[in-house]
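A look at the structure
So you can see what is in the structure, the chains are spelled out below.
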Amino acid sequence: MSPADLQLAVGTDGVPTVAGTLYIDGSWRRGSSSRPVLNPADATEISQVDEASAEEAGLAVAAARAAFDDGRWSSVPAAERSAVLGRVADLLQANRSRIARIETLDTGKTLRESEIDVDDVTAVFRYYAALALGEPGRLVDAGNPAVVSRVVHEPVGVCALIGPWNYPLLQMSWKIAPALAAGCTAVLKPSEVTPLTTVVLVGLLEDAGVPAGVVNLVLGAGAGVGAALVESEQVDLVSFTGGLSTGRTIMRSAADTVKKVALELGGKNPNIVFADAVLDAAVDTALTAVFLHAGQVCSAGTRLLLEEPIADEFVAELVRRAELIRIGPGLEPESEMPPLVSAEHLAKVEEYVRVGLAEGARLLTGGSRLSDDQKGYFYRPTVFTDCRRDMRIVQEETFGPIVTVERFSTEDEAVMLGNDTRYGLAGGVWTADRGRAQRVASRLRHGTVWINDFGPYLPQAEWGGFKLSGTGRELGPSGLAEYQEAKHMYENTEPAAQHWFSGGQPG
Ligand code: TXE
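No experiment lies behind these values; they were computed from the predicted model shown.

1. Points about the overall build of the protein
Helix and strand content of the protein: 16 helices and 20 strands. Summarising its shape, the C-alpha atoms of the protein cover approximately 90 × 55 × 40 Å along the three principal directions. When the 507 residues of the protein are sorted by exposure, 55% land in the buried category. A separation threshold of at least 6 residues defines the contact pool for the protein, and within that pool the share at least 24 residues apart is 73%.

2. As for empty space enclosed by the protein
This model, assessed by the stated rule, comprises three cavities of 30 Å³ or more. Approximately 40 Å³ is the volume attributed to the largest cavity. Together, Gly267, Lys268, Asn269, Gly295, Val297, Cys298, Ala300, Thr302, Glu397, Thr398, Phe399 and Gly400 line the largest cavity. Here the residues of the lining of the largest cavity sort into four nonpolar, six polar and two charged. Put simply, the second largest cavity is a space of about 40 Å³. Taken together, Ser239, Phe240, Ala262, Leu263, Glu264, Trp463, Gly464, Thr471, Gly472, Arg473 and Glu474 form the lining of the second largest cavity. Put simply, the parts of the chain that give the lining of the second largest cavity at least two residues each are strand 10 (237–241) and strand 11 (260–264). Broken down by element, the lining of the second largest cavity gets its largest block of residues, three residues, from strand 11. A class-by-class count of the residues in the lining of the second largest cavity yields four nonpolar, four polar and three charged.

3. Some remarks on the site of the ligand
In the vicinity of the ligand there are 26 residues, among which Gly163, Trp165, Glu192, Lys348 and Glu397 approach most closely. Gly222 places a polar main-chain atom, nitrogen or oxygen, 3.1 Å from an oxygen atom of the ligand. At a separation of 3.1 Å, a nitrogen atom of the ligand approaches a polar backbone atom of Gly266. Relative to its free-state accessible area of 820 Å², the ligand is covered by the protein chains to the extent of 85%. Of all the secondary-structure elements, those providing two or more residues to the shell around the ligand are helix 8 (222–231), strand 10, helix 9 (244–255) and helix 12 (343–359). The element contributing the most residues to the shell around the ligand is helix 8, with three residues.

4. Some thoughts on helix 3 (residues 78–94)
The terminal C-alpha atoms of helix 3, which comprises 17 residues, lie 24 Å apart, in line with the 24 Å expected from a rise of 1.5 Å per residue. Among the residues of helix 3, those classed as buried are Arg81, Ser82, Val84, Leu85, Gly86, Val88, Ala89 and Leu92. Summarising the contacts, the buried residues of helix 3 are in contact with helix 4 (96–107), helix 5 (111–131), helix 6 (168–182) and helix 7 (196–208).

5. Observations regarding the sheet that holds strand 20 (residues 484–492)
One key point about sheets: their strands pair by backbone hydrogen bonds, in either a parallel or an antiparallel sense. The strand order 5-6-20 describes an open sheet built from three strands, whose pairing is antiparallel. The outermost strands of the open sheet, each flanked by one partner alone, are strand 5 (138–140) and strand 20. Neighbour-to-neighbour, the strand axes of this sheet turn through a mean angle of 25°, independent of strand direction.

6. Section: the domain arrangement of the protein
One frequently used descriptor of interface size is the decrease in accessible area upon assembly of the parts. Domains assigned within the protein are domain 1 (22–265 + 461–489) and domain 2 (270–451). Spacing between the C-alpha centres of domain 1 and domain 2 amounts to 31 Å. Each partner contributes to the interface: domain 1 provides 32 residues, whereas domain 2 provides 34 residues. At the junction of domain 1 with domain 2, the criterion picks out zero salt bridges. Linking domain 1 to domain 2 there are 11 residue pairs in polar contact (both at pLDDT 80 or more). Sorting the residues of the side of domain 1 that touches domain 2 by element identifies helix 4, helix 5 and helix 9 as the ones contributing at least two each.

7. Side note on the environment of Asp141
With respect to the helices and strands, the residue Asp141 is situated in the loop between strand 5 and strand 6 (147–155). Using a relative accessible area of 71% as the deciding quantity, one classes Asp141 as exposed. Taking the C-alpha atoms as reference, Asp141 lies 63 Å from Glu45; in sequence the two are 96 residues apart. Of note is the side chain of Asp141, whose polar atom sits 2.8 Å from the backbone nitrogen of Gly143.

8. A few points about the pattern of salt bridges
Two side chains that carry opposite charge are able to pair once their charged atoms sit near each other. One pass over the full model with this rule turns up 30 salt bridges. Close ionic contact of Lys487 with Glu154 constitutes a salt bridge, the shortest N to O distance being 3.0 Å. Note that Lys487 is positioned in strand 20 and Glu154 in strand 6, a separation of 333 residues in sequence. Taking relative accessible area as the criterion, Glu154 reaches 29% and is therefore assigned partly exposed. Between Glu411 and Arg439 there is a salt bridge, with the nearest N and O atoms lying 2.8 Å from each other. Residue Glu411 is located in helix 14 (residues 411–418), and its partner Arg439 is located in helix 15 (residues 434–443); the two are separated by 28 residues in the primary sequence. Judged by relative accessible area, Glu411 falls into the buried class, the value being 18%. Overall, the relative accessible area of 42% leaves Arg439 in the partly exposed class. A single network of salt bridges, built from pairs that share partners, joins Asp280, Glu317, Arg320 and Arg321.

9. Some thoughts on the pairing of strand 4 (residues 45–51)
The two faces of the sheet receive side chains in turn, since in a regular strand these alternate between them. Summarising burial for strand 4: five of the seven residues are buried, a large majority. Of the pairings in the sheet, the one linking strand 3 (residues 33–38) to strand 4 comprises six bridges and is antiparallel in character. Opposite Arg35, over in strand 4, you have Val49 as the bridge partner. What sits between strand 3 and strand 4 in their antiparallel hairpin is a turn of six residues, with Ala43 showing a positive phi close to 65°.

10. A closer look at the nonpolar core
One finds Phe125 and Ile176 to be the most contacted residues of the largest nonpolar core, which totals 95 residues. Per element, the largest residue contribution to this core is 10 residues, and it comes from helix 6. Domain assignment of the residues forming this core places at least three in each of domain 1 (22–265 + 461–489) and domain 2 (270–451). In contact with Phe125, not counting residues within four places along its chain, are Leu85, Val88, Ala89, Leu92, Ser173, Ile176, Ala177, Leu201 and Leu205.

Rules and cut-offs
- Residues numbered from 1 in each chain as written.
- Predicted model: local features only at pLDDT ≥ 70, side-chain atom pairs only at ≥ 80, totals over all residues.
- Heavy atoms only, no water.
- Helix = DSSP H or I, 4+ residues; strand = E, 2+ residues; numbered from the N terminus.
- Buried < 20%, exposed > 50% of the residue type's maximum accessible area, 1.4 Å probe, protein only.
- Contact = heavy atoms within 4.5 Å.
- 1 Å grid on protein atoms, 1.4 Å probe; cavity = no way out; pocket = protein on both sides within 12 Å on 5 of 7 lines; lining within 4 Å.
- Points joined across faces, edges and corners; volume = space filled by probe spheres on them.
- Nonpolar A, V, L, I, M, F, W, Y, C, P; charged D, E, K, R; others polar.
- Near = heavy atom within 4 Å.
- Polar contact = N/O pair within 3.5 Å; in protein donor to acceptor, adjacent residues only side chain to side chain.
- Areas by Shrake-Rupley, 256 points an atom, 1.4 Å probe, with all protein chains shown as cover.
- Expected span 1.5 Å × (residues − 1).
- Pairing = 2+ DSSP bridges.
- Axes fitted to C-alpha atoms, helices over the stretch in contact; angles between N-to-C directions.
- Domains from an automatic or database assignment.
- Salt bridge = Lys/Arg side-chain N within 4 Å of Asp/Glu carboxyl O.
- Core = buried A, V, L, I, M, F, W, Y, C linked by side-chain atoms within 4.5 Å.

Following this line, the structure appears as structure tokens:
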């Protein structure tokens, strides 16, 4: 039984409780410090994990570097690498309920959503297992029959994969599955707030047959361990999902070593509803768009834009249904909306509500904790109306269960408001007029646009942001390309002197 199995096997609720949550060069080890992991539903400690020092992060990078440089993974036949990824998918499914439970205890999210996450992640591993089979490269016509010109794609090298706390397992899988498919090696650093399912995932990768040194795991705070990875000269690429300000810091710091950088930095996502939309579906989806996982979703539809004639009726129905949402611990089957992830994050959301009120937005419902003596970090679904485009709650990512409502009168105004953000991750448009849907969707400057829906994503389709939402793409073929370098191989099968220089004649 591997240490990861052991961690899965012990503890109440299957939560890892033994030490040894760093994984370096194929060995589970203790770190130089430890950190308690809290359950957001009641603030109780559910686990202690080891954390790494910057020096231990360096060891993990060195292991990944050595594993890349000796080709122990990139030289494995593509079919075998693909089979390993397929086995990871099988193991995820075999451990589905246990992993989902750990994710719920760690992040707070509802068990139903955690189970969906495990299924989605399984699909991502299966997709990249298929893509790992690869292509022989592209032949290019060099205009000379004696030349064979071929473009091939090679792994980029050692990757630092830094994840967020809202979808820990899912976001890390979006990174490690294509990295492994491409033949890269990696050091994983999940958020210090929610490290547990990444520990489990690394155990599954080990059990699936990923060789020692190819995947390494360090836990710890961003400013210490994360920064050490980003600054390392031995790391070729950083893929980061998290907040805008951390993304900026990472991009600046990666400039010193000219690393490749992929960033997903959240969004402020418009959900545009025209009067001819199927209103029942639009209201229903507007709720899930913003209140799923208590709004802690980078693509949450937090900015609702309603066409004038339906605005009053729509808002009244939205508020009525928002007040019926059952808030509670993620493990309780009747809970529909979970707590926020931490006390710090709850404080941030509360501050945004104060800002909204001070800016003159009108609070229609919510705006408070579930109860004054709550132990967990619950916050009520919150609806603000009378919002203006220059308000901070309209422009900034609150990352909580807060929706702001604005109104528009024309298609042009809807598009203008939909693009009136420095972010560009996702947006939605609701209308029965397919021509208008296509016009508006094509004018929106966001990486994903949903028409008569909000939220779905597919492993086969690229995910990422325009503008300040980031750079690079995850998922789809581009998600693999992030982890590859294109190389042009030009072979002259009939070498002959060209005598470009006159003195270059045979003497
Ligand atoms: O994330 P951070 P925070 C948004 C959301 C949230 C805000 C801040 O608005 O309120 O970001 O959240 C690591 N070098 N999103 O502060 O700091 C850190 O350890 C290297 C959007 O919790 O961005 C963690 O692993 N790494 C988002 C990861 O970065 C560093 C999801 C993310 O943490 C580092 C979550 C450094 N200097 C929050 N500093 C999305 N895009 O979905 C921190 N880290």
